[in-house]
Structure formats: structure tokens, C-alpha cells
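What follows is the residue order along each chain.
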Amino acid sequence: MTVLLRSRSLMRGIFHHHHHQTGPANEKGNVSNNAACVITHSHAVTPLSDWNNYDDPSSTSSSQYDDADNTNNNISQSPSRNNNLPPIIDDCTELDRARRVEIAKSHGFVYDEVHGVESILHALTRHERTLLADDNMPLRHYRAEKGNLNEAIRKIKCTLKWREEFQVEDIKRCFNNYGPTADEGSSSSSSLSSSSPEKREQLNQLANAVEYENETGKIYSRGYDKQGRAILYLTPGKENSNDEYDNMRHLVYHLERAIACTRRKAGREKVCIVIGYQGFKLTNSPPMSTVKHTLMILQGHYPERMHRAYICDPPLMFRSFWKIIKMFVDPATLEKIAFCTGKEGKFLLERDFDTSTTEKQAGGTKKLREFSSKEFLFRTPFDHTFDEKRV
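These numbers come from a predicted model, not from an experiment.

Asker: Sorry if this is basic, but what is going on with the overall build of the chain here?
Answerer: A count of helical and extended segments in the chain gives 15 helices and 9 strands. By residue count, 52% of the 391 residues in the chain fall in the buried class. Of all intrachain contacts in the chain linking residues separated by at least 6 positions in sequence, the fraction that spans at least 24 positions is 75%. Total accessible area on the chain stands at roughly 18,900 Å², and carbon and sulfur atoms take up 53% of it.

Asker: Where do I start with helix α3 (residues 113–123) in this structure?
Answerer: Think of an α-helix as 3.6 residues a turn; residues three or four steps apart then line up on the same face. Every buried residue belonging to α3 is among Glu113, Val114, Gly116, Val117, Ser119, Ile120 and Leu121, and all of these are buried. The N-terminus of α3 is capped by aspartate 112, whose side-chain oxygen sits 3.2 Å from the backbone nitrogen of valine 114.

Asker: I keep staring at the sheet that holds strand β8 (residues 306–312) and nothing clicks. Help me out?
Answerer: Strand pairs in the sheet, formed through backbone hydrogen bonds, run parallel or antiparallel to each other. Reading across the sheet, the 5 strands line up as β5-β6-β7-β8-β9 and stay open at both edges, with mixed pairing between neighbours. Lying at the two open borders of the sheet, with one neighbouring strand each, are β5 (219–224) and β9 (337–340). Strand after strand, the sheet turns through a mean of 25 degrees between neighbouring axes, direction not considered. Here 6 bridges tie strand β7 (residues 271–276) to β8, and the two strands are oriented parallel to one another.

Asker: How should the state of the cysteines be read in this particular structure?
Answerer: Per the stated rule, a full pass over the model turns up 0 disulfides. Here cysteine 312 stays free of any disulfide, with the sulfur of cysteine 340 as its closest cysteine sulfur at 4.6 Å. For cysteine 312, a relative accessible area of 3% corresponds to the buried category.

Asker: Sorry, what's going on with the side chain of serine 241 here?
Answerer: Along the chain, the position of serine 241 falls in the loop between β6 (230–234) and α10 (244–266). Owing to a relative accessible area of 14%, serine 241 belongs among the buried residues under this scheme. Within the local environment of serine 241, its side chain forms a polar contact with the side chain of glutamate 213, the two groups lying 2.8 Å apart. Ignoring anything within four residues of it in the chain, the contact list for serine 241 reads Tyr212, Glu213, Lys218 and Asn247.

Asker: Honestly, the environment of glycine 276 in this entry has me stumped. Any pointers?
Answerer: Following the sequence through the fold, glycine 276 ends up in strand β7. The sequence separation of glycine 276 and proline 314 amounts to 38 residues, and the corresponding C-alpha distance is 7.2 Å. Residues within four places of glycine 276 in sequence aside, it is in contact with Leu234, Thr235, Pro236, Cys312 and Gln361.

Asker: What exactly am I supposed to notice about the packing of aromatic side chains here?
Answerer: Between two aromatic rings, the relevant description is the distance of the centres plus the angle of the planes. This model, assessed by the stated rule, comprises 20 aromatic pairs. Judged by centre distance (5.0 Å) and plane angle (55 degrees), the rings of tyrosine 277 and phenylalanine 318 are tilted. On the criterion of sequence distance, the pair formed by tyrosine 277 in the loop between β7 and α11 (288–301) and phenylalanine 318 in helix α12 (residues 317–325) is long-range, its members being 41 residues apart. Phenylalanine 318 gets classed as buried once you look at its relative accessible area, which sits at 5%. Measuring from centroid to centroid gives 4.9 Å for tyrosine 310 and phenylalanine 353, while their planes differ by 55 degrees, and the two rings are tilted. One end of the pair, tyrosine 310, is in strand β8; the other, phenylalanine 353, is in the loop between α14 (342–352) and α15 (373–379), with 43 residues separating them in the sequence.

Asker: What's the story with the pattern of salt bridges in this structure? I'm lost.
Answerer: When the charged atoms of two side chains with opposite charge come close together, those side chains can pair. A complete count under the given rule lists 32 salt bridges for this structure. For the salt bridge of lysine 218 with glutamate 213, the shortest nitrogen-to-oxygen distance reads 2.6 Å. Accessibility classification places lysine 218 together with glutamate 213 in one group, the buried group. For glutamate 304, the salt bridge goes to lysine 270, with nearest N and O atoms at 3.5 Å. Here glutamate 304 is found in the loop between α11 and β8, whereas its partner lysine 270 is found in the loop between α10 and β7, with 34 residues between them in sequence. Judged by relative accessible area, which is 7%, lysine 270 ranks as buried. Connected through salt bridges with shared partners, the residues Arg222, Glu359, Arg369, Glu375 and Asp387 form a single ionic network.

Asker: Honestly, the nonpolar core in this entry has me stumped. Any pointers?
Answerer: In globular proteins that are soluble, nonpolar side chains generally tend to be buried together. Counting 50 residues, the largest nonpolar core has Phe175, Val252, Ile273 and Tyr302 as the members making the most contacts within it. Beyond its immediate sequence surroundings of up to four residues, tyrosine 302 is in contact with Trp162, Arg163, Val168, Val252, Leu255, Glu256, Ile259 and Ile297. In this structure, Tyr111, Leu131, Leu132 and Leu160 belong to the second largest nonpolar core, which totals 16 residues.

Asker: How do you make sense of the environment of valine 252 when you look at a structure like this?
Answerer: Inspection of the secondary structure assignment puts valine 252 in helix α10. Judged by relative accessible area, valine 252 falls into the buried class, the value being 0%. Put simply, valine 252 and threonine 294 are 42 residues apart on the chain and 9.5 Å apart in space, counted from C-alpha to C-alpha. Apart from residues lying up to four places away in sequence, valine 252 is in contact with Trp162, Phe166, Val168, Ile171, Ile297 and Tyr302.

Asker: Whenever I open this one, the packing of helix α9 (residues 197–213) against α10 confuses me. Can you help?
Answerer: How two helices pack is summed up by the angle between their axes together with the distance between the axes. Orientation of α9 relative to α10, taken along the N-to-C sense of each, is 90 degrees, at an axis distance of 9 Å. Judged on the interaxial angle alone, α10 and α9 are roughly perpendicular. Seen from α9, the contacting residues are Leu206, Ala209, Val210 and Glu213; seen from α10, they are Asp246, Asn247, Arg249, His250 and Tyr253.

Basis of the calculations
Residues numbered from 1 in each chain as written. Predicted model: local features only at pLDDT ≥ 70, side-chain atom pairs only at ≥ 80, totals over all residues. Heavy atoms only, no water. Helix = DSSP H or I, 4+ residues; strand = E, 2+ residues; numbered from the N terminus. Buried < 20%, exposed > 50% of the residue type's maximum accessible area, 1.4 Å probe, protein only. Contact = heavy atoms within 4.5 Å. Areas by Shrake-Rupley, 256 points an atom, 1.4 Å probe, with all protein chains shown as cover. Polar contact = N/O pair within 3.5 Å; in protein donor to acceptor, adjacent residues only side chain to side chain. Pairing = 2+ DSSP bridges. Axes fitted to C-alpha atoms, helices over the stretch in contact; angles between N-to-C directions. Disulfide = S-S within 2.5 Å. Phe/Tyr/Trp six-rings, centres within 6.5 Å; stacked < 30°, edge-to-face > 60°. Salt bridge = Lys/Arg side-chain N within 4 Å of Asp/Glu carboxyl O. Core = buried A, V, L, I, M, F, W, Y, C linked by side-chain atoms within 4.5 Å. Parallel < 35°, antiparallel > 145°, perpendicular 65-115°, else oblique.

Right, dumping it as C-alpha cells:
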């Protein structure tokens, strides 16, 4: 049984109880919690990998990609592709699904996750399918668009193009030259050693950019919530750069790490974000373009990845800033944002976290080891949070 809080104001919400469903898709077409699968007309389950053998007549000839360098953004090379991962636990509740069905119906759509996933995969070219972050990516986009299939297809194609152009897979593995930041023995590590000198230099430049952005520890993952979701800490008061592009690459690196940590630890797909304002000054305020760029990445390219965001003890000056920011925040995302102040904030943090393991800004009750950027980037496996014990 899981207890979740759902309402416009998380502090005044209602508790809902539910049981997670497991097993294959049922007769009503509910998607299994363990994978985003495709249901054929014969009601047999077709693994997503089988779709890679399907050639879209409108797509570019596959031979163009078959001969490509093995450092391409192929999902099999990603550090997150670990065969020893636990089964996926679906964070979607019955209440979530009921709300999506209701919203879809109000807009004239039929909400059917099995049909939606199948249709999205069918709409992707063979090359686009190789760019999928994981098997459940189509399902997350379908859920985010609440049954609007055309919009889900448009947005996932946009995200796949962005991931390739923004070099997300390279960002994820840019520290593989230096230590155990990828799964040991993974194809990502082995392919890196066989990369061309130009590719290795490109990865080194990426690593240098991320290392500089992370010097102050303004973003990093440490610990998990009570259900095993990684906690990603953002501390605007530690901002050390005004380079928007490198800021975004730095953000994406840590988002991908938090996702990989959650997947390994608990089999879940969402992360928690804690935004703390210690040492924050007006001079630390990011330009509006950076704020919009951040929201575009979080909402547009990582749908259904944020479990909850906790804004802890924001200063009074933040209120005016928030009035402007929230105009660009999707209503569904707004529902997942909690302002944690006073006794109510303390209660929420203690309910969701073991506060003996969290940073002080997240209600932490114990003094933790000081964050070391070099340790985290160069000596900590990609799918582990900072100071996490390796089993």
C-alpha cells in the first residue's frame, strides 16, 4: 500500500490509498507495471526490441546507421542499460489514471495506454527507435499528453531529435575515461576505449564543462526518499556560471544520473527534486531565458520523470519571482510542487524522507559528510548517489 498526496496544494491534499498492479496487460488494456509493452491484435505481448526489426517505408535506409561509428547515441551503450536492474514499479496510481481518462474524455480522446504506446512506436522511424531513452519512454509521453496521441507523437519525436542534437548520451558518459562512473563491464565503457581520438577529445571537453559547473555543488544527487527515488538537490545560492548552454548540459547530466540511481535502487522512474535557498541573493537569480530553458527541458523532454519538487524555505524575494515563473509551468507540474516552510513543510519532508540522511535544507537532522564534486563526478558510479555505500 502506498500513500500519496494529490491536490493543487500538496500541503492541503487528501491521502489516497491504492495497491500497485503487477503482471501482464489485462483484458481492459492496462499496461503492465514491469514494461511498456505492445499488445498486438492477437493479444500477444511483443517486446519493444522486436520493433527494431520493423522498417518504416518512409524512414531513411537503415544501412545508413548500421555502418555508423559505435559511439553513436545507441540506447544499448547507455550507462543506464544494465541487465541486473530490478523490475519497474509503476508510480502511476489509479487516481492518476482516472484523472487522465477524465481529461482525455473532456477533449474528445479515448485514453488507451496499450493502443497509445503501439501507435507511438509505429509512428517512429527505425533510427528514432534506437534513440529511445528506455522502453517506457513512449508510455511516459502518452501519459503526459493525457490521450492526445498526435501531440504525444509530435513531442516524443521532438525529444528524440533534441537528445541526439544535445548529445545526451555523450553527456552521460563523458566521465567514463576517469573512473567507475558507468556500469562496470558495460558496453558503454568498452566502446569508449575504442572511440576515435576526436570523440574522446569531445567527451573530455564535455567533462570539463560539467566539472566546472559542478565545482560549487549547486546540483547533485544524495540519498533517496522512502520509496527509493533519488533526491536531486538544486541550490541556486551556489550558482557559479552564467553560461546558459553549459548550465543546461550540467542539469541534464544530473537528471540522467538521478534517473539511473532511482532505476537501479528501486526500479522506479521518477526522481525527487529539492530546491534549497541557503545563501541565495538576487545576484544569484538566473536570467529568464535560463528559467524558460530549464522548464522546457524538464517539462518537454523529461515528462513523467519528476515525482515531486520541494521548494524549501524560499526567501521573501522569491515570491515575486515565482509569480512570473509559474506562468510558464504546466498545471500538471504545478501540482507536484510543494513549498516547504514551517511545521507543515517539516511534516511533509519527514513523511517522504528519512531526514537523518537528507541535507539540512531538506529537513536533515544529522551532520552529513561535505559534498565533494571530484569524488561524485570521477569516483562514484553513474547510477549511485553521492556518499552511497556500494554493495
